[in-house]
Amino acid sequence: MFFTPTMNYLASRGCNLHILCMSTGNADGMGNVRKEELYLASVMLKVPQKQVKILDHPDLQDGFGKSWNSKLLSKIIKEEIANCDIDLVVTFDNYGVSGHCNHCDVHQGVRKLLQYTSHGEVEAWELISTNILRKYSGPVDIWLSILSAKFHLRGVVHCLLNEHPRRSLAAMAQHKSQWVWFRKLFVCFSSYTYVNCLKKIN
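As the structure is a prediction and not an experimental result, all values here were calculated from the model. (Residues numbered from 1 in each chain as written. Predicted model: local features only at pLDDT ≥ 70, side-chain atom pairs only at ≥ 80, totals over all residues. Heavy atoms only, no water.)

Considering the state of the cysteines
Just so we agree on the cut-off: Disulfides are defined as pairs of cysteine sulfur atoms found within 2.5 Å of each other. Burial status follows relative accessibility: with a 1.4 Å probe on protein chains alone, a residue under 20% of its type maximum counts as buried, one over 50% as exposed, and anything between as partly exposed.
In the structure shown here, the tally under the stated rule is zero disulfides. For C159, which is in no disulfide, the shortest distance to another cysteine sulfur is to C197 and amounts to 4.0 Å. For C159, a relative accessible area of 23% corresponds to the partly exposed category. A residue is classified by how much of its surface remains accessible, and C197, at 9% relative accessible area, is buried.

So, unusual backbone geometry
The criterion, for reference: Helix and strand assignments follow DSSP, with helices taken as H or I runs no shorter than four residues and strands as E runs no shorter than two, numbered in order from the N terminus.
Even without being a glycine, K46 presents a positive backbone phi close to 70°. For K46, the location among the structural elements is in the loop between helix 2 (31–44) and strand 2 (52–54). Positive phi, close to 55°, is recorded for D85, a residue that is not glycine. D85 sits in the exposed class, given a relative accessible area of 69%.

Considerations on the pairing of strand 4 (residues 123–127)
It is a general feature of regular strands that their side chains alternate between the two faces of the sheet. The line we're drawing: For two strands to pair, DSSP has to find at least two bridges joining them.
The element strand 4 is largely enclosed, with a buried count of four among its five residues. Relative to strand 4, strand 3 (residues 88–92) runs parallel, the two sharing five bridges. Note that in strand 4 the partner of L88 across the bridge is E123. Bridging between strand 4 and strand 6 (residues 195–200) involves three bridges; their strand directions are antiparallel. Bridge pairing in strand 6 links L127 to L198.

Quick notes on the packing of helix 3 (residues 70–84) against helix 4 (residues 101–115)
What counts, and what does not: Where helices are involved, their axes are fitted lines through C-alpha atoms of the stretch in contact, as for all axes, and angles between N-to-C directions lie from 0 to 180°. To sort the angles, those under 35 degrees are grouped as roughly parallel, those over 145 as roughly antiparallel, those from 65 to 115 as roughly perpendicular, and the leftovers as oblique. Should the near helix be turned anticlockwise from the far one by less than a right angle, the crossing is termed left-handed; should it be turned clockwise, right-handed. We call two residues in contact whenever any of their non-hydrogen atoms come within 4.5 Å of each other. Residues were grouped as follows: Ala, Val, Leu, Ile, Met, Phe, Trp, Tyr, Cys and Pro as nonpolar; Asp, Glu, Lys and Arg as charged; and all remaining residues, including Gly, as polar.
Viewed as axis vectors pointing N to C, helix 3 and helix 4 meet at an angle of 65°, and their least axial separation amounts to 8 Å. Here helix 3 is positioned roughly perpendicular relative to helix 4, judged by the angle of their axes. Crossing of helix 3 against helix 4: the hand is right-handed. Contacts from S70, K71, L73, S74, I77, K78 and I81 of helix 3 reach helix 4 at D105, V106, Q108, G109, V110, K112 and L113. Grouping the constituent residues of the contact of helix 3 with helix 4 by class yields six nonpolar, four polar and four charged.

What about the sheet that holds strand 4?
With mixed pairing, four strands are arranged side by side in an open sheet as 3-4-6-5. One side of each edge strand has no neighbouring strand; the edge strands of this open sheet are strand 3 and strand 5 (157–161). Averaged over all pairs of adjacent strands, the angle between strand axes in this sheet comes to 30°, irrespective of strand direction.

Quick notes on the nonpolar core
Quick reminder of the rule: Throughout this description, the term nonpolar core refers to a set of buried Ala, Val, Leu, Ile, Met, Phe, Trp, Tyr and Cys residues connected via side-chain atoms within 4.5 Å.
In terms of nonpolar packing, the biggest core is built from 23 residues, with F2, F3, M7, V47, V52, V97 and L127 touching the most fellow members. Elements supplying a minimum of two residues to this core: helix 2, strand 2, strand 4, helix 7 (165–172) and helix 8 (181–189). The greatest single-element share of this core, amounting to three residues, is contributed by helix 2. If we ignore the near neighbours within four places in the chain, the residues touching F2 are F92, V97, H103, L127, F186, Y192 and N196. In this structure, I81, V106, V122 and A124 belong to the second largest nonpolar core, which totals 18 residues.

Dropping the structure here:
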């Protein structure tokens, strides 16, 4: 729903992508179903299933009000970076697009990781959250994102366009348990389907 422009952009340039999902999404008791759906969606986005890791840690259960420990997240991410020879991480910013606490926690986990990682060992970039008007402006936000990235005053920002928006729709449609009418509208009208602005985390 949020990162497909980045994934499509990197995949089309030959980057080797890995997905680390911190939870099965079991808040409604459908974790096993959603796990399989993510595997199917990942294949649509040119990420092999063997490069998708989905956790079901007892202290990282999905849901509003269930905060995740940043030290634990940092440890898990560090292990995955070492195991898969990762040199760049893309994650949420401190608002997490929708304000979901788990999205925000993952951001804090990456920040914690950077505190204890040697400079230059790994880069981390955050997906910039936009206001609600831009969030639902669809492809119109491409122009606003380009201008925003060009004149951004707080660090390096890259604006990545989704070169395969239909692929993004096809990937989201694999999540059949969540593919209800309002999510279909979201994917069609969300600016995150068409463009991502990434800011380097220092």
